[in-house]
Amino acid sequence: MNDLSRQATRLEAIGGRFDTWLLGAIIALTGLGVVMVASSSIALMSSPFYYLNRHLIFLAVGIALAAVAMRTELKSIEQYNQVLLLGCFALLVVVFIPGLGSSVNGARRWINLGFSKFQTVEAVKVLYIVWLSSYLVRFRDEVNATWPAMLKPLGVAGALVVLLLLQPDFGSSTLLLAITAGMLVLGGVNLPRMSMPIVFGLVAMSALAIIEPYRMRRITSFWDPWADQQGDGYQLSNALMAVGRGEWTGVGLGNSVQKLYYLPEAHTDFIFSVTAEELGFLGTCLIVGLYALLAGRAFWIGMRCVEMKRHFSGYIAFGIGLWVSMQSFVSIGVNLGILPTKGLTLPLISAGGSSVLMTCVAMGLLLRVSYELDRAERRQAVRMGAAEPDEPASDATHATSAAAMSDTAPRPSAQRDSAPRGTSRMQQRIEPTLGRMG
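Attention in this report is confined to the structure presented alongside it. (Residues numbered from 1 in each chain as written. Predicted model: local features only at pLDDT ≥ 70, side-chain atom pairs only at ≥ 80, totals over all residues. Heavy atoms only, no water.)

In terms of helices and strands, the protein chain carries 17 helices and three strands. Of all 438 residues assigned to the protein chain, the portion counted as buried reaches 49%. Summarising the internal contacts of the protein chain: among those between residues at least 6 apart in sequence, 73% fall at separations of at least 24. Total accessible area on the protein chain stands at roughly 20,600 Å², and carbon and sulfur atoms take up 64% of it. (Helix = DSSP H or I, 4+ residues; strand = E, 2+ residues; numbered from the N terminus. Buried < 20%, exposed > 50% of the residue type's maximum accessible area, 1.4 Å probe, protein only. Contact = heavy atoms within 4.5 Å. Areas by Shrake-Rupley, 256 points an atom, 1.4 Å probe, with all protein chains shown as cover.)

Put into structure tokens, the structure is as follows:
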């Protein structure tokens, strides 16, 4: 075996490591979620641990799915990008099929699996982020330079939003549009060109909120929940009372009063209020800090991936970071009365089978991104050490070595010229940044 083959074998043997800070934040939030689901739901059923046991079952399945995602090469996922997009539309359409779709409180957002109900939009969030990441890789130059390439993902997001509004699910629609805009900006879109669709989207979503009477009532009750405390302001007023009772250190774990039939959805949408009541201001600061750490590491990992030309991995990290940070911000904002009431769970903490399962999958993908990034960095360090100055490799040997061993080796020019449709072939490479000003 020649030296080149032996070096390639050594590089293949080098694995990666999962990001410790990211893994720690995920475990801490998940553990805190188990504790707070147990505390907030203990008085809701005749069996005090009904919701806790249910949450633990979904969490166990979610961890198994996350383990699968953590062991799956991202390049093998990327090749199914079109199938994933079709899956998004199929999942949002199937809820309208009689016998499969299930309606709760007038909304058709679930499919009946027999043993449980599954909210399809939770899976759509993950699938859509992966598809959009693949699209930004294939068209990363054109997205910055041309209108059609920029408008296509916005059109796809708009079609998904139409299906969501038919359910109806205004909160998830807004979240999906925000994720799309954020990923396009982080993918290097021309900011002046992007401003027009953003303004149009804001006007359209505002009009939809004003036209529907129940959405308008949520806005008016959010402005002054005490004006109709027993009506439209009931949820928010009780949430604010729970937050106020917590003060600095809380009333103690398990001692919440508002969870005792006063605060609706205490174990799901309003679990943050129960946490604030029992753990106080310090407990809420811990939660916010953990989300900031999780999102911050996701964006940092994404930037490192882009710097190493691992764009697909980087965009997945950006998308998941945007999803978790925005959804947690909205959920916490609703509980604190700074945003109108929306039915969005607190990721990794709230009970809810669909949310728990798909958030675990998303965390598994994010950890896989960190693993492949660390593996690429360690292999690059070995290659650089092997080419140190006493015995410089010839240009031909260096090119062959890089092509054989690099995770991100460039293709030969003949292959680039014959690249399949959808692969960027513009002469001047425009690397993604935090947006383009011109």
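Moving on from the coordinates now.
Here we take up the pairing of strand β1 (residues 101-104). The side chains of a regular strand alternate, residue by residue, between the two faces of the sheet. Sheet analysis places β1 next to strand β2 (residues 107-112), joined by four bridges and oriented antiparallel. Pairing of Val-104 across the sheet is with Ala-107, part of β2. The turn linking β1 back onto β2 is made up of two residues, and Asn-105 within it adopts a positive phi angle of 55°. (Pairing = 2+ DSSP bridges.)

Under the counting rule described, the total for this entry stands at 11 salt bridges. Between Asp-374 and Arg-17 there is a salt bridge, with its nearest N and O atoms 3.3 Å apart. Within this pair, whereas Asp-374 is found in helix α15 (residues 353-386), its partner Arg-17 is found in the loop between α1 (3-13) and α2 (20-41), the two being separated by 357 residues in sequence. Look at Asp-374 and you get buried, because its relative accessible area is 15%. (Salt bridge = Lys/Arg side-chain N within 4 Å of Asp/Glu carboxyl O.)

A word on the side chain of Ser-350. Inspection of the secondary structure assignment puts Ser-350 in the loop between α14 (311-336) and α15. On the basis of relative accessible area, Ser-350 is assigned to the buried category, the value being 2%. From its side chain, Ser-350 meets the backbone oxygen of Thr-268 in a polar contact 2.7 Å long. Among the polar contacts made by the side chain of Ser-350, one reaches the main-chain amide nitrogen of Leu-346 at a distance of 2.9 Å. Contacts of Ser-350, omitting those with residues within four sequence positions, involve Val-37, His-55, His-267, Thr-268, Ile-271, Thr-345 and Val-356. (Polar contact = N/O pair within 3.5 Å; in protein donor to acceptor, adjacent residues only side chain to side chain.)

Quick look at empty space enclosed by the protein now. Counting across every chain of the model gives two cavities of 30 Å³ or more. In this structure, the largest cavity spans a volume of roughly 40 Å³. Lining of the largest cavity is provided by Thr-30, His-55, Leu-59, Leu-348, Ile-349, Ser-350, Val-356, Thr-359 and Cys-360. In terms of residue count, α15 provides more of the lining of the largest cavity than any other element does, three residues in total. Residues that form the lining of the largest cavity fall into these classes: five nonpolar, four polar and no charged. In this structure, the second largest cavity encloses a volume near 30 Å³. Around the second largest cavity, the lining residues are Tyr-51, Arg-54, His-55, Phe-58, Ala-351, Gly-352 and Gly-353. (1 Å grid on protein atoms, 1.4 Å probe; cavity = no way out; pocket = protein on both sides within 12 Å on 5 of 7 lines; lining within 4 Å. Points joined across faces, edges and corners; volume = space filled by probe spheres on them. Nonpolar A, V, L, I, M, F, W, Y, C, P; charged D, E, K, R; others polar.)

Turning our eyes to something else, we now look at helix α3 (residues 50-70). One turn of the α-helix equals 3.6 residues, which is why residues spaced by three or four share an orientation. The end-to-end C-alpha distance of α3, which contains 21 residues, comes to 30 Å, matching closely the 30 Å that a straight helix rising 1.5 Å per residue would cover. Listing the buried residues of α3 in full gives Tyr-51, Leu-52, His-55, Phe-58, Leu-59, Gly-62, Ala-66, Ala-69 and Met-70. Projected onto a plane normal to the axis of α3, the buried residues spread over an arc of 130° and lie on a single side. Exposed positions of α3 whose direction lies more than 90 degrees from the buried face are Ile-57 and Val-68. (Expected span 1.5 Å × (residues − 1). Arc of directions from axis to C-beta.)

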